[in-house]
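Residue-level structure breakdown
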Amino acid sequence: MSKKTNMYASAETWNPIKGCLFDCTYCKPSFQQQAKRQKHNCTECYEFTPHQHFERLSKIPNAEIVFVGGNGDISFADPVFVKQIIAAIVKKNLKRPNQVYYFQTKRPEYLAQFIGEFPPNVILVTTLETNRDDGYGAVSKAPPPSKRYAQFKQLEWSRKVVTVEPAMDFDVDEFTEWLISLKPEYVWLGFNSRPRSVRLPEPSKEKMLALAERLKKAGIQVRGKELWGLELEMSEASLEWTDEDIEAEARRLF
Ligand code: SF4
């Protein structure tokens, strides 16, 4: 199964794996809420339990950008199945070598085992909402930011992207150093898009702007969307679902 998104005109998600146990508070009103509508289709989708859909292996979208397992975290997948996912991509590359595949996880060390198998059109992605570990456990069961950063840095792969969305309050100096040292192709910046549903310790606009300016000065492309008027380079690409994406998915399912 795949779906078109409005995140990028030529991007689609491809979900041979779904579900996640990191239980991020900001995921509940989005992926996890919509998953409840799957009750009559797939119990594991409904419960957001990590699982695989073998029948989707051969159904890779033809989109320019493909988000692999966009409705979950791939680090919960069986590595044997992920190898089958990679093999399907390699096979698809014979016909459409110009597609790009995003593998995103909040546990980057999981991806290390596949480094020798990824084709060059794979981009590895992680989310770093902040550089601060204190209090992070109340937001997510994922590895805390400092561990996630260290794991992502250790991955010997030249094509990386970091998404700072939903941004949580951070220390500009340290966070800038982290992001620069990861050498990402770009950094995606975004505030919490559902402040009425989920309360997070937000950074100030000034901090976001300072972070963006320092990254740009270091030669790192900055993209953004939910930036409340901050003057950043806007892009058609996003790694997160918007309300419109979720509504579209709900309409597709029912
Ligand atoms: S890691 Fe991603 S999929 Fe998993 S709970 Fe958090 S936001 Fe949802």
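A short tour of the structure in this document, coming up.

Scoring rules and cut-offs
- Residues numbered from 1 in each chain as written.
- Predicted model: local features only at pLDDT ≥ 70, side-chain atom pairs only at ≥ 80, totals over all residues.
- Helix = DSSP H or I, 4+ residues; strand = E, 2+ residues; numbered from the N terminus.
- Buried ≥ 20, exposed ≤ 12 C-beta atoms within 10 Å, placed from the backbone.
- Contact = placed C-beta atoms within 7 Å.
- Near = placed C-beta within 6 Å.
- Nonpolar A, V, L, I, M, F, W, Y, C, P; charged D, E, K, R; others polar.
- Core = buried A, V, L, I, M, F, W, Y, C linked by C-beta atoms within 7 Å.
- Right-handed = clockwise from strand over helix to strand, strands pointing away.
- Expected span 1.5 Å × (residues − 1).
- Arc of directions from axis to C-beta.
- Axes fitted to C-alpha atoms, helices over the stretch in contact; angles between N-to-C directions.
- Left-handed = near helix turned anticlockwise from the far one by under 90°.

1. Observations concerning the overall build of the protein chain
Assigned secondary structure in the protein chain consists of 7 helices and 10 strands. Across the 254 residues of the protein chain, 38% fall into the buried class. Within the protein chain, contacts between residues separated by at least 24 positions form 74% of all contacts whose residues are at least 6 apart in sequence.

2. Overview of the site of the ligand
Looking at the ligand, there are 11 residues lining it, with Cys 20, Phe 22, Cys 24, Cys 27 and Asp 73 nearest. In terms of residue class, the shell around the ligand is made up of 6 nonpolar, 2 polar and 3 charged.

3. A word on the nonpolar core
Core analysis: the largest hydrophobic core is formed by 46 residues, its most contacted members being Val 66, Val 68, Tyr 102, Phe 103, Val 187 and Leu 189. Excluding anything up to four places from it in sequence, Val 68 contacts Trp 14, Ile 74, Ile 85, Tyr 101, Tyr 102 and Phe 103.

4. A word on the environment of Asn 121
Counting through the fold element by element, Asn 121 comes out in the loop between β6 (100-104) and β7 (122-127). Accessibility expressed as a C-beta count within 10 Å gives 18 for Asn 121, which makes it partly exposed. Taking the C-alpha atoms as reference, Asn 121 lies 7.9 Å from Pro 97; in sequence the two are 24 residues apart. If we skip the residues at most four places from it in the chain, Asn 121 touches Asn 93, Pro 97, Gln 99, Val 100 and Tyr 101.

5. Remarks on the pairing of strand β5 (residues 65-68)
Side-chain alternation along β5 places Ile 65 and Phe 67 on one buried face and Val 66 and Val 68 on a second face that is also buried. Considered for its hand, the β-α-β crossover made up of β5, helix α3 (residues 79-95) and β6 is right-handed.

6. A closer look at helix α6 (residues 205-217)
Helical periodicity: at 3.6 residues per turn, an α-helix aligns residues three or four positions apart in one direction. The first and last C-alpha atoms of α6 sit 18 Å apart over 13 residues, in line with the 18 Å expected at 1.5 Å per residue. Turning to α6, its buried residues number three or more, namely Met 208, Leu 211, Ala 212 and Leu 215. Each buried residue of α6 sits inside an arc of 95° when the element is viewed along its axis, so together they form one side. When the buried face of α6 is taken as reference, the exposed residues oriented beyond 90 degrees from it are Glu 206 and Lys 217. Buried-residue contacts for α6 involve α5 (172-181), β9 (186-189) and β10 (221-224). Phi for Gly 219, located one or two positions after α6, is positive at around 85°.

7. A word on unusual backbone geometry
Looking along the chain, the bond that leaves Glu 165 and enters Pro 166 is cis, with omega of 0°. Tracing the sequence through the fold places Pro 166 in the loop between β8 (160-164) and α5.

8. A closer look at α3
Between its first and last C-alpha atoms α3 spans 25 Å; for 17 residues at 1.5 Å apiece the expected length is 24 Å, and the two agree. Among the residues of α3, Val 82, Ile 85 and Ile 89 are the ones counted as buried. Looking down the long axis of α3, one finds its buried residues gathered within 50° of arc, a one-sided arrangement. Among the exposed residues of α3, those oriented more than 90 degrees off its buried face are Val 80, Ala 87, Lys 91, Leu 94 and Lys 95. Along its buried surface, α3 packs onto β5 and β6.

9. With respect to the packing of α5 against α6
Relative to each other, α5 and α6 sit at 35°, their axes nearing to 10 Å. Handedness of the crossing formed by α5 with α6: right-handed. Of the residues in α6, those in contact with Val 172, Phe 175, Thr 176, Leu 179 and Ile 180 of α5 are Lys 207, Ala 210, Leu 211, Arg 214 and Leu 215. Counted by class, the contact of α5 with α6 contains 7 nonpolar, 1 polar and 2 charged residues.

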